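# Remarks on the overall topology
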Amino acid sequence: MTEDRIRHAGLRSRIVTPEQAAALIEPGQTVAMSGFTGSGYPKAVPVALAARIEQVHAAGQPFQIRLLTGASTAPELDGALAKVDGIALRLPFQSDPEARRRINDGTLAYIDAHLSHVAQHAWFGFYGDIDVAVIEAVAIREDGTIVPSTSVGNSKTWLDLAKRVIVEVNDAQPLALEGMHDIYYGTALPPQRRPIPLEHADDRIGDTALRCDPDKIVAIVRTAAPDRNSPFNPPDEASQRIAAFLVEFLQHEVAKGRLPKGLLPLQSGVGNIPNAVLANLADSGFRDLTAFTEVIQDGMLDLLESGVLRSASCTGFALSPEASLRFEANIGFFRERIVLRTQEISNHPELVRRLGCIGMNGMVEVDLYGNVNSTHIMGSRMQNGIGGSGDFARNGFLSIFMSPSTAKGGTISSIVPMVSHVDHTEHDVSIVVTEHGLADLRGLSPKQRARVLIDRCAHPLYRDALEDYFARALRESYGKHTPHLLPEALSWHQRWLDTGDMRAVR
């Protein structure tokens, strides 16, 4: 019933169709929408807006918006708007194939940003005015506060700054999500900032709903559509080996006294390798773990249910269809153990450093000296974006990057002489893991890091070539601190572009 979800009686008169709500968005406006990694994004208004844009384009008129979100969304948002050429500018993260194609053919401007920066940059005015916010909710309370759905992301900032607000109230999202959120309203602009009073990963320091002036809400749309729930592939042999190496390393760190028995708060990127790591943690003997991360995926639900993980703090979900059903069926259990925060808190550098998070993220490639590329294919082709990995790599207690040692059937090596794009410098990378081994780069000079990476992480198909490059660089490079042969440093990437294989013809 409407009264269950829209409890502010004065706002019920603002219920409109998706098409009527979309008509409130004008060409050239900056539109900020909820959503983080396929959860909690508006489902109906973006589709209606895409249809309107398509009609305007068919009449020969221009119509594009500047689109801001928390992170990636789903086909109903990024995909629908990109398909009709409705996005002039996108930030801070995306994973949609159509949006990616347009970014890489140069027709969609894209700003790749650290996720911790987005809210404060919006407050600083770096993105200009925010004309409209479109936010998914499970309910609007009697006082006009908005209960978010399965993500918080940047919704607090969008509601604070937007001139007008459209709310999608989604009946398909569990009403029992209410109470899971923790919305902190103590942030401020310099020089008025104060310490954030969060000392443990599961502390609650804020409200359970988003504040919004009811007069700014110009439209409410009723929907009943699920989040994008993509299944995860079963862990392959490479993922299992990577996970085993990493868990063995964590056990070693505990034995050496560098980590407590309950580790430190875990942060995990999304994907099959992180899920394999989480699965191995379940059988590792670790107990009483915590997570301070961006996204909860299947593996963390498993750890919470088994009691291995005591609590998890995040800003959104990335669950498979099966895990989503488990979550909804046991939502009372999970509401006691999961805290959904704003993105500016889940990724806050000072909190990551103070809590001592263990960051576990994927990479495209790493070079001999520990510089990591996590975003670009062959130096210029954007894949998704840096996301929050930099927030945890620069500030965490441990910065771990994982990848299979090769890609594309062995034609690409993930260990290269020089990365074709740098997202995480050698100064921010502690551990590199492939299916061949783990390289602990802590306390090593550049040349020492090169030796460890070649010996422990490189695929045998590329090990000799890396040895040869490094040996010649030691002899012939201009400087011997970080030895490189500049004419050859990126030749592997060019060879793949020319021939489809990084390996030299013998």
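As the structure is a prediction and not an experimental result, all values here were calculated from the model. (Residues numbered from 1 in each chain as written. Predicted model: local features only at pLDDT ≥ 70, side-chain atom pairs only at ≥ 80, totals over all residues. Heavy atoms only, no water.)

### Some details on the nonpolar core
Counting residues in hydrophobic clusters, the biggest one holds 77 residues, and the most contacted among them are Phe327, Ile338 and Ile358. Formed by 38 residues, the second largest nonpolar core is a distinct cluster that contains Tyr110, Leu115, Val134 and Val295. (Core = buried A, V, L, I, M, F, W, Y, C linked by side-chain atoms within 4.5 Å. Buried < 20%, exposed > 50% of the residue type's maximum accessible area, 1.4 Å probe, protein only.)

### Concerning the pairing of strand E11 (residues 289–292)
Across the two faces of E11 the burial is the same, with Leu289 and Ala291 and Thr290 and Phe292 all buried. Where E11 lies against strand E13 (residues 309–314), four bridges are found, and the strand directions are parallel. Following the sheet pairing, Phe292 is matched in E13 by Ser313. (Helix = DSSP H or I, 4+ residues; strand = E, 2+ residues; numbered from the N terminus. Pairing = 2+ DSSP bridges.)

### Topic: the environment of Lys216
Tracing the chain through its elements places Lys216 in the loop between strand E8 (181–182) and strand E9 (217–223). Taking the C-alpha atoms as reference points, Lys216 and Ala162, 54 residues apart in sequence, are found 8.3 Å from one another. Beyond its immediate chain neighbours, meaning those up to four positions away, Lys216 contacts Leu159, Asp160, Leu161, Ala162, Lys163, Arg164 and Val165. (Contact = heavy atoms within 4.5 Å.)

### A word on the sheet that holds strand E17 (residues 365–367)
Strand order across the open sheet formed by three strands is E18-E17-E24, with mixed pairing between neighbours. Where the open sheet ends on each side, the last strands, each with one partner, are strand E18 (372–373) and strand E24 (415–416). Bridging between E17 and E24 involves two bridges; their strand directions are parallel. Paired with Asp367 across the bridge in E24 is Val416.

### Quick notes on the packing of aromatic side chains
Centre distance and the angle of the planes are the two values used to describe a pair of aromatic rings. With the rule as written, the count across this model stands at five aromatic pairs. Taking the centre distance of 4.8 Å and the plane angle of 50° together, the rings of Phe317 and Phe327 count as tilted. A residue pair is termed long-range when its members are at least 10 positions apart, and Phe317 in strand E14 (residues 316–318) and Phe327 in helix H11 (residues 321–329) qualify at ten residues. Comparing Phe317 with Phe327 shows no difference in burial state: the two are buried. Positioned above the aromatic ring of Tyr41, the side-chain terminus of Lys43 is 4.0 Å from the ring centre. (Phe/Tyr/Trp six-rings, centres within 6.5 Å; stacked < 30°, edge-to-face > 60°. Lys NZ or Arg CZ within 6 Å of the ring centre and 35° of its normal.)

### Considerations on the packing of helix H9 (residues 272–282) against helix H10 (residues 298–306)
Running from N to C, H9 and H10 point in directions that differ by 15°, and their axes come no closer than 8 Å. Taken together, the axes of H9 and H10 are roughly parallel relative to one another. Both H9 and H10 take part in a crossing whose hand is left-handed. Across the interface between the two elements, Asn275, Leu278, Leu281 and Ala282 from H9 touch Asp298, Gly299, Met300 and Leu303 from H10. (Axes fitted to C-alpha atoms, helices over the stretch in contact; angles between N-to-C directions. Parallel < 35°, antiparallel > 145°, perpendicular 65-115°, else oblique. Left-handed = near helix turned anticlockwise from the far one by under 90°.)

### Concerning the pattern of salt bridges
For the structure shown, the criterion picks out 34 salt bridges. For Arg258, the salt bridge identified is with Glu253, shortest N-O distance 2.8 Å. Assessed through its relative accessible area of 41%, Arg258 is described here as partly exposed. Accessibility expressed as a relative area gives 1% for Glu253, which makes it buried. Bridged by salt links that share partners, the residues Asp85, Glu98, Arg101, Arg102 and Asp105 form one connected network. (Salt bridge = Lys/Arg side-chain N within 4 Å of Asp/Glu carboxyl O.)

### Let's talk about the pairing of strand E1 (residues 30–33)
Taking every second residue as pointing to the same face, both faces of E1 are buried, with Thr30 and Ala32 on one and Val31 and Met33 on the other. Across three bridges, E1 lies against strand E2 (residues 65–68) in parallel orientation. Paired with Ala32 across the two strands is Leu68, which belongs to E2.

### What to know about the side chain of Thr30
With respect to the helices, strands and loops of the structure, Thr30 is situated in strand E1. Residue Thr30 is classed as buried on the basis of its relative accessible area of 4%. With sequence-adjacent residues up to four places away left out, Thr30 is seen in contact with Arg66, Leu68, Tyr127, Asp129, Ile130, Asp131 and Val132.

### Thoughts on a nonpolar patch on the surface
A contiguous nonpolar surface patch, about 370 Å² in accessible area, is contributed by Trp123, Phe124, Phe126 and Leu189. Note on placement: Phe124 falls in helix H6 (residues 115–124). (Patch = residues over 30% accessible without salt bridge, like charges linked within 9 Å, V, L, I, M, F, W, Y side chains within 5 Å. Areas by Shrake-Rupley, 256 points an atom, 1.4 Å probe, with all protein chains shown as cover.)

### Examining unusual backbone geometry
Between Leu91 and Pro92 the backbone carries a cis peptide bond, its omega angle lying at 5°. Tracing the backbone through its elements, the reader meets Pro92 in the loop between strand E3 (87–91) and helix H5 (97–104). Residue Pro191 follows Pro190 across a cis peptide bond; omega there is 5°. Locating Pro191 in the fold gives a position in the loop between E8 and E9. Of note in the backbone geometry, Asp85 takes a positive phi value of approximately 55° without being a glycine. Even without a glycine there, the phi angle at Leu263 is positive, about 55°. Inspection of the secondary structure puts Leu263 in the loop between helix H8 (237–255) and strand E10 (266–268).

### Overview of the side chain of Asn170
Checked against the element boundaries, Asn170 lands in strand E7 (residues 164–170). Residue classification places Asn170 among the buried residues on the basis of a relative accessible area of 0%. A polar atom in the side chain of Asn170 sits 2.8 Å from the backbone nitrogen of Ala172. Sequence-distant contacts of Asn170, that is, excluding residues within four places in its chain, are made with Arg5, Lys43, Glu136, Ala137, Thr223, Ala224 and Ala225. (Polar contact = N/O pair within 3.5 Å; in protein donor to acceptor, adjacent residues only side chain to side chain.)

### Quick look at the packing of helix H3 (residues 45–58) against helix H4 (residues 75–83)
Two elements in contact, H3 and H4, have axes separated by 8 Å at closest approach and are oriented at 10°. The angle between the axes of H3 and H4 places the two elements in the roughly parallel class. Across the interface between the two elements, Pro46, Val47, Leu49, Ala50 and Ile53 of H3 pack against Glu76, Leu77, Ala80 and Leu81 of H4. Looking at the contact of H3 with H4, its residues break down into eight nonpolar, no polar and one charged. (Nonpolar A, V, L, I, M, F, W, Y, C, P; charged D, E, K, R; others polar.)

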